[in-house]
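Per-entry structural report
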Amino acid sequence: MTSGSGHFSYGVVKVSRDAINAVWMEVLLMANKTEEAVEKIALELLAAQPELELVDVEYVKERDWYLRVYIDKDGGIDIDDCQKLSEVLEEELDKNNVVAGSYILEVSSPGLDRVLRKDRDFVREHGKMVDVTLYKPIDGLKMITGKLTAYDKEKLTLDEEREIPVKQIAQVRLHIDF
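Residues numbered from 1 in each chain as written. Predicted model: local features only at pLDDT ≥ 70, side-chain atom pairs only at ≥ 80, totals over all residues. Heavy atoms only, no water.

1. Some words on the nonpolar core
Defined as follows: Think of a nonpolar core as a cluster: buried Ala, Val, Leu, Ile, Met, Phe, Trp, Tyr and Cys residues, connected wherever their side-chain atoms sit within 4.5 Å. A 1.4 Å probe rolled over the protein chains alone gives each residue an accessible area, and that area as a share of the maximum for its type sets the label: buried under 20%, exposed over 50%, partly exposed in between. Secondary structure elements are defined from DSSP: runs of H or I of at least 4 residues count as helices, runs of E of at least 2 residues count as strands, and each element is numbered from the N terminus. The contact rule is simple, with two residues in contact once any of their heavy atoms fall within 4.5 Å.
Counting 22 residues, the largest nonpolar core has Val38, Leu67, Val69 and Ile71 as its most contacted members. Mapped by element, the contributors of at least two residues to this core are helix H1 (17-46), strand S3 (53-61), strand S4 (65-72), helix H2 (79-96) and strand S5 (104-108). At five residues, the largest contribution of residues to this core is made by H1. In contact with Val69, not counting residues within four places along its chain, are Val38, Leu54, Asp56, Val57, Leu85, Leu89, Leu105, Glu106, Val107 and Ser108. Counting 14 residues, the second largest nonpolar core, distinct from the first, contains Leu116, Phe122, Leu134 and Leu174.

2. Regarding the packing of aromatic side chains
Formally: Any two of the Phe, Tyr and Trp rings considered here, Trp counted by its six-membered ring, make a pair once their centres fall within 6.5 Å; the pair's planes then place it as stacked at under 30 degrees, edge-to-face at over 60, or tilted in between. Criterion for a charge above a ring: Lys NZ or Arg CZ within 6 Å of the ring centre, and within 35 degrees of the ring normal.
Inspection of the entire model under this criterion finds two aromatic pairs. Geometrically, the ring pair formed by Tyr59 and Trp65 is stacked, given 4.5 Å between the ring centres and 15° between the ring planes. Taken as a pair, Tyr59 and Trp65 share a single burial class, namely buried. Taking the centre distance of 3.9 Å and the plane angle of 5° together, the rings of Phe122 and Tyr151 count as stacked. With Phe122 in helix H3 (residues 119-124) and Tyr151 in strand S7 (residues 141-151), the pair connects residues that are 29 residues apart, well separated along the chain. Accessibility expressed as a relative area gives 6% for Phe122, which makes it buried. In this arrangement the basic side chain of Arg68 is found over the ring face of Tyr66, its NZ or CZ atom lying 4.6 Å from the centre.

3. What about the sheet that holds S4?
The cut-off we apply is this: Here the rule is simple: two strands pair whenever DSSP picks up at least two bridges between them. All axes are obtained by fitting lines to C-alpha atoms, using only the stretch in contact for helices, and the reported angles, taken between N-to-C directions, cover 0 to 180 degrees.
Strand order in the open sheet formed by three strands is S3-S4-S5, and the pairing between neighbours is mixed. For this open sheet the edge positions go to S3 and S5, each flanked by a neighbour on one side alone. For this sheet the average axis-to-axis angle between neighbouring strands, irrespective of direction, equals 15°. The pairing of S4 with S5 spans five bridges and is classified as parallel. Looking across to S5, one finds that Arg68 is bridged to Glu106. Contacting S4 and S5, H2 crosses the sheet at an angle of about 145° to S5.

4. Considerations on the pairing of strand S6 (residues 129-138)
Put simply, side chains in a regular strand alternate between the two faces of the sheet. Bridging between S6 and S7 involves six bridges; their strand directions are antiparallel. What sits directly across from Thr133, in S7, is Met143. Linking S6 to S7, which pair antiparallel, is a turn of two residues; within it Asp139 sits at a positive phi near 50°. For S6 and strand S10 (residues 169-174), the ladder comprises five bridges, and the chain directions are antiparallel. Bridge assignment links Leu134 to a residue of S10, and that residue is Ile169.

5. Some remarks on the pairing of strand S9 (residues 162-165)
Direction of pairing for strand S8 (residues 155-158) relative to S9: antiparallel, over a ladder of four bridges. By the bridge assignment for S9, Leu156 is matched with Ile164. Turn length for the S8-S9 hairpin, with the two strands adjacent in sequence and antiparallel, is three residues, and the turn residue Asp159 shows positive phi of about 55°.

6. Description of H2
The line we're drawing: Here a helix's expected span is defined as the number of its residues, less one, multiplied by 1.5 Å. By construction, the arc corresponds to the directions joining the helix axis to the C-beta atoms. Polar contacts, as used here, are pairs of N or O atoms within 3.5 Å; protein pairs need one atom able to donate a hydrogen and one able to accept it. Residues neighboring in sequence count only if both atoms are side-chain atoms.
In this model H2 runs 26 Å from its N-terminal to its C-terminal C-alpha over 18 residues, within 8% of the 26 Å that 1.5 Å per residue would give. Among the residues making up H2, those that are buried are Asp81, Cys82, Leu85, Ser86, Leu89, Glu92 and Leu93. Looking straight down H2, one finds its buried side chains confined to an arc of 145°; they lie on one side. Exposed side of H2, more than 90 degrees from the buried face: Ile79, Glu91, Asp94 and Lys95 are the residues found there. The opening residue of H2 is Asp78, an N-cap whose side-chain oxygen sits 3.1 Å from the backbone nitrogen of Asp80. Immediately downstream of H2, the backbone of Asn97 shows phi near 50°, a positive value.

Right under this line is the structure:
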């Protein structure tokens with residue numbers, strides 16, 4: 001139940017929208033710090049296996065907290081690659097108390113239609129076909145597919161000519177032809 005004052009009423013407890021937003025900001029900051037710490041440890045562990053690449057780390061709240069670590073290598077990874085990293089990573093995370101509270105650790109491939117998030121993702125996938133989902137349509141299109149030909153902090157270029165401002169991009173994924 002809301003009132004026009006921007007407060008939520010639950011019985012006798014009133015919580016302002018600002019307080020709720022502040023809590024969510026704290027949760028996001030904690031998740032980002034956790035991801036950064038896990039990424040650092042995973043990179044150190046993967047230094048002994050140079051054929052493996054750390055693609056991404058995400059720490060997200062669904063029903064439970066999930067810590068997902070995505071790895072890859074030329075020719076693709078297999079279950080043994082995931083299991084080996086999972087075992088040593090879990091040991092290091094527990095030993096160093098990196099993640100507060102309980103969580104589910106998943107180590108896997110990022111998949112064929114992986115999301116591109118970091119600068120290194122765009123460098124690695126340069127020249128490949130991607131699907132770009134926009135926050136709002138550009139020229140009547142909310143999704144644009146094309147060959148990734150350039151990327152910087154300000155814009156992504158498809159097919160050497162179509163420039164899309166990064167701030168208008170909701171998501172970029174590798175394109176899969178069916």
